[in-house]
Each structure stands twice: as structure tokens, then as C-alpha cells.
Amino acid sequence: MTPPAPLVTPTRLTAATLAALAVITLAVLGAGLAETGTGELRIPAAGTTTLLRVLVLTALAVQIGEIAGARLAGDGPLPRGRSVPAALLGAAASAGLLVLFATVSGLGLATVYGTREGGLLLVTANALALSALCAASRRPVLALVPLAAAITAEALRAHPEPNSPAIGVALTVVHLTAASLWLGTLLHVLRTMRLRGGGREVLVRYARMAAWLYAALMATGTCSTLRRLPLDVVLSTAYGRVLLAKLGLVGVASLLALAARRRMLRGGDAQAPARTELGVLAVIMLVSAVLTVVPDPHWLHPA
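Reading guide: rules and limits
- Residues numbered from 1 in each chain as written.
- Predicted model: local features only at pLDDT ≥ 70, side-chain atom pairs only at ≥ 80, totals over all residues.
- Heavy atoms only, no water.
- Helix = DSSP H or I, 4+ residues; strand = E, 2+ residues; numbered from the N terminus.
- Phe/Tyr/Trp six-rings, centres within 6.5 Å; stacked < 30°, edge-to-face > 60°.
- Buried < 20%, exposed > 50% of the residue type's maximum accessible area, 1.4 Å probe, protein only.
- Core = buried A, V, L, I, M, F, W, Y, C linked by side-chain atoms within 4.5 Å.
- Contact = heavy atoms within 4.5 Å.
- pLDDT = per-residue confidence, 0-100.
- Polar contact = N/O pair within 3.5 Å; in protein donor to acceptor, adjacent residues only side chain to side chain.
- Salt bridge = Lys/Arg side-chain N within 4 Å of Asp/Glu carboxyl O.

## Details of unusual backbone geometry
Backbone geometry places Ala45, a non-glycine residue, at a positive phi of 55°. Here Ala45 lies in the loop between α1 (10-35) and α2 (46-73).

## What about the packing of aromatic side chains?
In total, this model carries one aromatic pair according to the counting rule given. Aromatic side chains Trp182 and Tyr214 sit 6.0 Å apart centroid to centroid with 90° between the ring planes, which places their arrangement in the edge-to-face category. On the criterion of sequence distance, the pair formed by Trp182 in helix α7 (residues 165-196) and Tyr214 in helix α8 (residues 200-228) is long-range, its members being 32 residues apart. Its relative accessible area of 6% is what places Trp182 among the buried residues.

## Side note on the nonpolar core
Ranked by internal contacts, the top residues of the largest apolar core, which has 58 residues, are Leu128, Leu186, Leu203 and Tyr206. Listing elements by their share of this core, those giving two or more residues are α2, α3 (83-105), α5 (116-136), α6 (144-158), α7, α8, α9 (238-265) and α10 (271-291). Sorting elements by how many residues they give to this core places α2 first, with eleven residues. For Leu128, the residues in contact, after removing those within four places along its chain, are Val56, Ala59, Leu60, Gln63, Ala87, Gly90, Ala91, Ser94, Leu147 and Ala150.

## Thoughts on the confidence of the model for the protein
Per-chain confidence: the protein averages 86 in pLDDT, with 92% of residues scoring 70 or above. When the elements of the protein are averaged for pLDDT, helix α11 (residues 297-300) gives the smallest value, 61, and α5 the largest, 95. Under a pLDDT of 50 for its full length, residues 1-7 has, in the predicted model, one contact with residues more than four places off or in other chains.

## As for the environment of Gly279
Tracing the backbone through its elements, the reader meets Gly279 in helix α10. On the basis of relative accessible area, Gly279 is assigned to the partly exposed category, the value being 36%. Residues Gly279 and Leu183, 96 residues apart in the sequence, show an inter-C-alpha distance of 9.2 Å.

## Examining the side chain of Ser254
Note that Ser254 resides in helix α9. A relative accessible area of 12% means that Ser254 is categorised as buried. A polar contact is formed between the side chain of Ser254 and the side chain of Tyr214, at a distance of 3.0 Å.

## Here's the deal with the pattern of salt bridges
The final tally for this structure, using the stated rule, is four salt bridges. Note that Arg53 is salt-bridged to Glu154, the shortest N-O span being 3.6 Å. Within this pair, whereas Arg53 is found in helix α2, its partner Glu154 is found in helix α6, the two being separated by 101 residues in sequence. The two residues Arg53 and Glu154 agree in class, both being buried. Between Glu66 and Arg191 there is a salt bridge, with the nearest N and O atoms lying 4.0 Å from each other.

In C-alpha cells, the structure reads:
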């Protein structure tokens, strides 16, 4: 009898280690590199903040993706859920951001709770903790309620401007939800296909949904950019530089999605480009976290 293959091979372990090191390096150095030569003030603890925000975004994507992916999967076995550990990790990261904010500002936690930033971080941490309880229950779909609260809190945190903040918040809610669905659902679909040794129809159903997600991302991303980034400072600000990098990666992910769709239409195996697309989407999420840390050009260069 042939013994079962190990769940984690040395090659996979090495790849995972290298990927983790790359994520940490880009998170720690990303904001500083983007600000080089711009004359903008350095953001305190930018690297740590980026890493913690990556964990929050990952928690949202994994949970939302599992809920949507389970519905797309139809009948058949499903991979082991990762929503509970992801939610708990995201809640811990939000709490870490709260402590970091108190440390950097020199304020006590009780004082920080009363600030707008601190209050929203507290809402996110509590919402993710509650979503973990929902995910562990018999009705994991209930997690959508606290997840909606977490996304709204993140959108409110990202748009403190006094002029038309409701528009910015609405755009970010749609954008963050669509991005979480794109990445998280693709992850769950690929895990499902691997478990079942096939399941092409699951990927087909995902591709139909992804087309609408892509349209929502492009529309909201374009509107948000036009609202926040004056065109004459695209290359001279960290925000503009990081945004250009993100747009380039989105273009790569789009081409990979089209390649996967073309293979599906021809009856071929679309998992290879889909897996590469997933990797690019993960990098986009990391770059998005950097984007939330660099200075907002709307304040530095008012239109």
C-alpha cells in the first residue's frame, strides 16, 4: 500500500516561505520607497500598519469568498473552511492597529477609543470577531452582517474629507466588496476544484460573476481616483505612484482572467491561468494596503 503524500511538501514549504518574506519586505518598504523624492512627510510605523491592514483585507476576502464560493460550488464536497481563523486574525490585526495608533500618537487607549480613527478600528475589530462566531455556527451566512459593518467602517475610515464624504464612502464600500469577492471567491473555487479533481462548471459560474465584479471595480476605482488624485501630481506623490503600480497589476490580472475564460470556452484546462491570476490578485491586495498608508494627495495638493 502506497503511503499518502505529505500535505506540505518541501517545495511548497519553500515557496510559501519565500512568498511570506516577499510580502513582509514589500509591506515594510513599500510606503517608504513610494515616497522617495516626493518631499512628503514619512508616515510613522508605515510598514507595521501595512502588514496589519493586509491581514484585515485578507480576513474580509476569505470570509466573503467562502460564502459566495459555497453557493457557486453547488452539490459536492467543499474544502475545509478558513473563515474562522481568518476572521480571528483580522480582528487581532484591527486591535493591533488600535494599539499602534495609541503608541504612535502618544495617547492612552481610553482616549484613542474616543477618536474617529480609533472608534472605527474598534468597530472593525468587534465586527470581525463577531463574524468568526457566525462562521463557526450552523448558519455561516449570518457573518455577512458583521462583515458589512467592517467594510463600512473601513470605508468611513478611508474618507474623512469634509466635502461629499458620502460619495467616497459609497464608492469604497462597493469597491472593497467587489475586490474581496474577486479574490476570495476565486481562492475558494480553486480549492474546491482541487478537492474534487475537476469541477469545471464551478469555474464557469465564477467567471460569470467575475465579469460583473470587474465592471464594478473599474467604475468605482476610476471615480475614486478622479476624486482624490489631481492628474498633475500622479508621478510626484507616493499615492499616485502606488496607484499606477496597482493599475498595472490589475491589467495583468485582467489578461489572465481573459486567458482563463478563453481556455474554458475552448474546453481546455483554465486552472493554470486562474491560479496565476489569484497570485496577482494577492499582490494587488498588498499594494492596496500600501495605498491606504501613504499620504492622501487630496490634502497635500488641493485642487
